[in-house]
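Spelled out, the chains give:
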Amino acid sequence: MRSKIVIFSVLIVAIAVVSFGFSHKKSVAKADELITKIDSSKVSKKAQKTDLFYAVGGTYSRSIRKSELQNSKMLNDFIEGYPVNWISAYISVEVSANNNGLKTSLWSKNDVLSDEQKKMLAGLEIDAEVVVRVKYNTKNVITDALEENEMNVSLTVIPEIEAVYIGGYENMISYLKENSRDKITMIGDKGVKPSVLRFSIDKTGKADNIKIIQKSENIEIDNLLIELIENMPKWNAAKNLKGESVSQQFDFKVGKMDGC
């Protein structure tokens, strides 16, 4: 009888040990799953840091070519979408130009350019800034009374043929991303401030005259971006009205995308 009790006790202990083993394995498995989830979360957050916005474009918001200015006789000849129908009567039209650091302003009575204005516009060089300020009266649709208004239009003179990255825009963006994104993420653990670099594509198609317009607040990243533009493959240079190669300015923007 005593031996049966001993055997039964041993069986109970063995079953308990085996049960504990299974229970322990399940606990370890759950812990491993939790660790995996936590690690995945970290990886996801880190991946978001690499989601940067890259863009390259001209330094202008609205452009005009020299050939268009040379043939212009009225404002709507070089201002696309000029709102002729809004204007009941003109008060004054001022055309200003900043050409190689020299600012000139000339006036006319209406949307027909004066001889002096036409001559000034025809003589503008690439990157010259043009500002048109129109003061006019428009009729109030309710009261039928004339109201004074002002319209401002800013334009930048661009080459007849703009500089183009050899291989196209998408290949240029791929070059910029592949040679900087991982490095920027490693340097900027706290995120990347939006940065803007201005550079020129010279007559040979090489990037030069690189300036930081908006800093990233991280000198390592700023230096990396400057080096990135310096080592960028050549472009097809811009050409003027005579077909001669000329320099053209561009802005390179990089930073965190909105909503990330």
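Residues numbered from 1 in each chain as written. Predicted model: local features only at pLDDT ≥ 70, side-chain atom pairs only at ≥ 80, totals over all residues. Heavy atoms only, no water.

Some remarks on the sheet that holds strand β13 (residues 248-256)
Applied cut-off: Here, a strand pair is defined by DSSP locating no fewer than two bridges between the strands. Helical segments are the DSSP runs of H or I of at least four residues, strand segments are the runs of E of at least two, and each set is numbered from the N terminus. Between N-to-C directions, angles cover 0 to 180 degrees, with each direction set by a line fitted to C-alpha atoms, over the stretch in contact for helices. Residues are treated as being in contact if the distance between any of their heavy atoms lies within 4.5 Å.
One open sheet holds the 4 strands; their spatial order is β1-β13-β8-β9, and the pairing between them is antiparallel. The open sheet has two free edges, formed respectively by β1 (52-58) and β9 (207-214), since each of these has just one partner strand. Across this sheet, the average inter-strand angle for adjacent strands is 20 degrees, counted without regard to direction. Bridge analysis of strand β8 (residues 195-201) against β9 gives 5 bridges, and the strand direction is antiparallel. For Arg 198, the partnering residue across the bridge sits in β9 and is Lys 211. Helix α4 (residues 169-178) contacts β1 and β13 of the sheet and is inclined by roughly 135 degrees relative to β1.

Quick look at the confidence of the model for the chain
As a general rule, the predicted coordinates of low-pLDDT regions are not to be interpreted in detail. Defined as follows: Looking at any residue, its pLDDT shows the predictor's confidence there, from 0 to 100.
The predicted model of the chain averages 82 in pLDDT, with 77% of residues at 70 or higher. Residue range residues 1-49 is modelled with pLDDT below 50. Its contacts to residues more than four positions away, or to other chains, number 4 contacts.

Description of the nonpolar core
Formally: Throughout, nonpolar core names a set of buried Ala, Val, Leu, Ile, Met, Phe, Trp, Tyr and Cys residues whose side chains join them through atoms within 4.5 Å. Each residue gets one of three labels from its accessible area relative to the maximum for its type: buried under 20%, exposed over 50%, partly exposed in between, using a 1.4 Å probe on protein chains only.
Val 56, Leu 176, Phe 199, Met 232, Trp 235 and Phe 252 are the most contacted members of the largest nonpolar core, which has 26 residues in total. For this core, the elements supplying multiple residues, two or more each, are β1, α4, β8, α6 (219-230) and β13. One finds Val 93, Leu 121, Val 130 and Val 134 within the second-largest nonpolar core, a separate group that totals 23 residues.

Considerations on the sheet that holds strand β4 (residues 102-108)
On the basis of which strands lie adjacent, the open sheet formed by 5 strands has the order β2-β6-β5-β3-β4 and mixed pairing. On the outer flanks of this sheet lie β2 (63-65) and β4, each paired with one strand and no other. Averaged over neighbouring strand pairs, the angle between their axes works out to 25 degrees when direction is ignored. As defined by bridge partners, β2 adjoins strand β6 (residues 146-158) across 3 bridges and the pair is classed as parallel. Across the sheet, Ser 63 pairs through a bridge with Thr 156, a residue of β6. Along the sheet, helix α3 (residues 115-122) makes contact with β3 (89-99), β4 and β5 (129-139), crossing β4 at roughly 150 degrees.

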